[in-house]
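Structure assessment
Listed here are the chains, written in short residue letters.
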Amino acid sequence: MIQNRTWLAFANRKRCRHADAIHNLGFISWKMGRARFSLGDIVYLFMSDERRVRFKMIVTAENCKREDQAYWVETPPNDITYKLELLEEYDGTKLNESVLCGHGFTGGKSLEGPIYKNKELLNYIKSIF
């Protein structure tokens, strides 16, 4: 049996109002391709404008049509997506970028990658949620 993985993904506010979509729809559409999510994987969303992890999502479907077009700031891509449904939202300061850096967060390329290899960061984020 394949164990589900945990990911950290970068939600870019300049491209899409992810938080609004999550609050209104209960999910977001996430482009398939670069990210190799599997059904059941957990995805923590790092919000670009807030510089913190705010949402814990779960991958519930793949090969879906995009359903969050109304929340895009730029022209929404017409691509095949994963469906990420909301599990939990965190609204404190313990997942701010400055705090995460003390637990092995490096930003940049570490975003939108599986964080299961970075046990300290993963365990810290899980402990907050």
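None of these values were measured; they are calculated from a predicted model.

Digging into the packing of aromatic side chains
- Inspection of the entire model under this criterion finds six aromatic pairs.
- Ring-pair connections join several aromatic residues into one group, and the members of that group are Trp7, Phe37 and Tyr82.
- Against the face of Phe27 rests Lys83, its NZ or CZ located 4.4 Å from the ring centre.

What about the pattern of salt bridges?
- Applying the stated criterion to the full structure yields 10 salt bridges.
- Salt-bridge contacts for Glu89 lead to Arg54; the nearest nitrogen and oxygen are separated by 2.8 Å. Of this pair, Glu89 sits in strand S5 (residues 80–89) while Arg54 sits in strand S4 (residues 52–65), placing them 35 residues apart in sequence.
- Across the pair Asp79 and Arg66 runs a salt bridge, and its minimum N-O distance is 3.0 Å.

Quick look at the nonpolar core
- Of all hydrophobic cores here, the largest spans 21 residues; its most connected members are Ile28, Trp30, Phe37, Val43, Leu45, Met57 and Leu84.
- Mapped by element, the contributors of at least two residues to this core are strand S1 (6–11), helix H1 (18–25), strand S2 (27–31), strand S3 (42–47), S4 and S5.
- Leaving out residues up to four positions away in the same chain, Phe37 has contacts with Trp7, Trp30, Val43, Val59, Glu62, Tyr82 and Leu84.
- Core analysis: the next-biggest nonpolar cluster, separate from the first, contains 16 residues, Tyr44, Val53, Ile125 and Phe129 among them.

Here we look at the state of the cysteines
- Scanning the model with the defined rule gives zero disulfides in all.
- Of all cysteine sulfurs in the structure, the one in Cys64 sits closest to Cys16, which takes part in no disulfide; the separation is 16 Å.

What to know about the pairing of S5
- In this sheet, S5 lies alongside S2 in antiparallel orientation, the contact comprising five bridges. Of the residues in S5, the one forming a bridge with Trp30 is Tyr82.
- One ladder, built from eight bridges, connects S4 with S5; its direction is antiparallel. Bridge pairing links Lys56 to Glu88 in S5.

Definitions and limits used
Residues numbered from 1 in each chain as written. Predicted model: local features only at pLDDT ≥ 70, side-chain atom pairs only at ≥ 80, totals over all residues. Heavy atoms only, no water. Phe/Tyr/Trp six-rings, centres within 6.5 Å; stacked < 30°, edge-to-face > 60°. Lys NZ or Arg CZ within 6 Å of the ring centre and 35° of its normal. Salt bridge = Lys/Arg side-chain N within 4 Å of Asp/Glu carboxyl O. Helix = DSSP H or I, 4+ residues; strand = E, 2+ residues; numbered from the N terminus. Core = buried A, V, L, I, M, F, W, Y, C linked by side-chain atoms within 4.5 Å. Buried < 20%, exposed > 50% of the residue type's maximum accessible area, 1.4 Å probe, protein only. Contact = heavy atoms within 4.5 Å. Disulfide = S-S within 2.5 Å. Pairing = 2+ DSSP bridges.

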